[in-house]
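Structure at a glance
Chain by chain, the residues run as shown.
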Amino acid sequence: MTAGRFDLTGKTALLTGGSRGIGRGIALGLAEHGANVAIVYRSADDQAAQVVSAIQRMGRQAWSWREDLARTDRLGPLTDRVWQACGRIDILVNNAAISYLEAYDAITPEHWRQTLAVNLDAVFFLAQHVARKMVAARIKGRIINVSSTNGLVAEAGLAHYNASKGGLELLTRSLAIELGEYGITVNTIAPGLIDTEIHSGFELDPAFFEYAREHIPLEHRFGTVEECVGAAVFLASPAGSYVTGQHLVVDGGLICEQFPRLRFMKQGS
Ligand SMILES: NC(=O)c1ccc[n+]([C@@H]2O[C@H](COP(=O)([O-])OP(=O)(O)OC[C@H]3O[C@@H](n4cnc5c(N)ncnc54)[C@H](O)[C@@H]3O)[C@@H](O)[C@H]2O)c1
């Protein structure tokens with residue numbers, strides 16, 4: 001396989017939640033491989049401007065739009081503005097998400113709705129608007145949804161987040177089927193525990209992090225943002241052209257294990 005199989009020169013990507021964390025990493029990674037990148041972010045003007053400058057320094061075009069993705073009525077006009085400014089969208093990365101850690105009986109209708117609005121509704125409606133334009137322009141595009149291992153295996157305290165990511169997994173497969181005839185692929189990346197600011201909203205005892213590391217087979221460590229980038233570049237690039245309706249798990253082996261039975265083997269047996 002040549003480096004050209006990962007070349008994104010001439011492609012334009014629209015990526016949500018691009019101001020920080022995994023989204024920032026993927027935005028920079030797509031640009032490194034040749035893509036022009038438009039990012040959508042919620043509030044951090046400075047951080048978004050830094051991502052735009054970093055991409056421009058690579059010699060690519062970059063744009064940013066401040067938008068609250070929970071306002072699904074605004075996603076059509078947003079898509080129109082992005083398409084007009086960029087001329088086209090070849091790659092859509094639905095990365096933005098929110099999460100609250102709270103037991104099922106503490107979840108308010110407001111938190112439930114916010115979580116589903118950003119993590120699932122916005123993904124569907126943005127994909128719908130962008131896919132319509134890709135189809136009309138005969139672009140064999142790529143849609144990459146950033147899901148989570150929580151979309152595959154549930155975790156207590158995250159019922160709304162789990163539901164949104166589980167929904168995202170089947171939404172992805174549904175769109176993969178419907179958009180297949182137009183040459184558009186639709187996949188998810190399912191990260192495990194990645195070192196980003198999303199965890200700073202959780203009031204957790206440091207003991208959790210020790211416990212989590214112990215259960216991550218690969219070197220007992222969280223993943224880095226950079227370690228999520230390759231999956232996105234692969235799915236966006238010619239190398240991923242026949243992959244659709246799949247999830248690519250980037251979790252250091254976290255969800256491989258059922259029970260650590262071996263640890264409980266009687267000594268001497
Ligand atoms: N970090 C992890 O351990 C981890 C694990 C599994 C999945 N993920 C997923 O990876 C993706 C990125 O997570 P992260 O860790 O980089 O999170 P993060 O909190 O660092 O970044 C989230 C991004 O989403 C944007 N965003 C959130 N709500 C928005 C809204 N209403 N409108 C517009 N933008 C909005 C934020 O501005 C930010 O840029 C998410 O989909 C998350 O669920 C992360």
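Quick summary incoming for the structure in this document. (Residues numbered from 1 in each chain as written. Predicted model: local features only at pLDDT ≥ 70, side-chain atom pairs only at ≥ 80, totals over all residues. Heavy atoms only, no water.)

**Description of the overall build of the protein chain**
Looking only at helices and strands, the protein chain has 7 helices and 7 strands in total. When the helices and strands of the protein chain are read in sequence order from the N terminus, they spell out β-α-β-α-β-α-β-α-β-α-β-α-α-β. Compactness check: the protein chain gives a C-alpha radius of gyration of 19 Å against a globular reference of 18 Å for 269 residues, within 12% of the reference. Principal axes of the C-alpha set define a box for the protein chain whose edges measure 65 × 50 × 35 Å. Contacts in the protein chain between residues at least 24 apart in sequence constitute 75% of all its contacts with a sequence separation of at least 6. When the accessible area of the protein chain is evaluated, it comes to approximately 13800 Å², of which 53% is carbon and sulfur surface. (Helix = DSSP H or I, 4+ residues; strand = E, 2+ residues; numbered from the N terminus. Rg over C-alpha atoms; globule rule 2.2 N^0.38 Å. Contact = heavy atoms within 4.5 Å. Areas by Shrake-Rupley, 256 points an atom, 1.4 Å probe, with all protein chains shown as cover.)

**Notes on the site of the ligand**
Of all residues adjacent to the ligand, which total 28 residues, the nearest are Arg20, Asn95, Tyr161, Gly192 and Thr196. Gly17 is positioned such that a nitrogen or oxygen atom in its backbone is 3.3 Å from an oxygen atom of the ligand. Note that an oxygen atom of the ligand is positioned 2.8 Å from one of the backbone N or O atoms of Ile194. Here the ligand loses 97% of its free accessible area of 830 Å² to cover by the protein chains. (Near = heavy atom within 4 Å. Polar contact = N/O pair within 3.5 Å; in protein donor to acceptor, adjacent residues only side chain to side chain.)

**Comments concerning the side chain of Thr115**
For Thr115, the position within the fold is in helix 4 (residues 109-136). Owing to a relative accessible area of 1%, Thr115 belongs among the buried residues under this scheme. With near-sequence residues (within four places) excluded, Thr115 lies in contact with Ile98, Tyr100, Leu120, His160, Tyr161 and Ser164. (Buried < 20%, exposed > 50% of the residue type's maximum accessible area, 1.4 Å probe, protein only.)

**Some remarks on the packing of helix 3 (residues 75-86) against helix 4**
Taken N-terminus to C-terminus, the directions of helix 3 and helix 4 make an angle of 45 degrees; their axes are 9 Å apart at the nearest point. With respect to each other, helix 3 and helix 4 are oriented oblique. Considering the relative orientation of helix 3 and helix 4, their crossing is right-handed. Facing Leu75, Gly76, Leu78, Thr79, Asp80 and Trp83 of helix 3, the residues of helix 4 in contact are Ala122, Phe125, Leu126, His129, Val130, Lys133 and Met134. (Axes fitted to C-alpha atoms, helices over the stretch in contact; angles between N-to-C directions. Parallel < 35°, antiparallel > 145°, perpendicular 65-115°, else oblique. Left-handed = near helix turned anticlockwise from the far one by under 90°.)

**Brief notes about the environment of Arg261**
Relative to the assigned elements, Arg261 resides in the segment after strand 7 (247-250). For the pair Arg261 and Glu203, spaced 58 residues apart in sequence, the C-alpha to C-alpha distance is 31 Å.

**As for the pairing of strand 3 (residues 62-66)**
For strand 2 (residues 36-41) and strand 3, the ladder comprises 5 bridges, and the chain directions are parallel. Counterpart to Tyr41 in the pairing with strand 3 is Arg66. (Pairing = 2+ DSSP bridges.)

**Considering the pattern of salt bridges**
This structure, assessed with the given rule, holds 12 salt bridges. Across the pair Arg66 and Asp45 runs a salt bridge whose closest N-O atoms are separated by 2.8 Å. Placement of Arg66 in strand 3 and of Asp45 in helix 2 (residues 45-57) is noted, with a sequence separation of 21 residues between them. What makes Arg66 partly exposed here is its relative accessible area of 46%. (Salt bridge = Lys/Arg side-chain N within 4 Å of Asp/Glu carboxyl O.)

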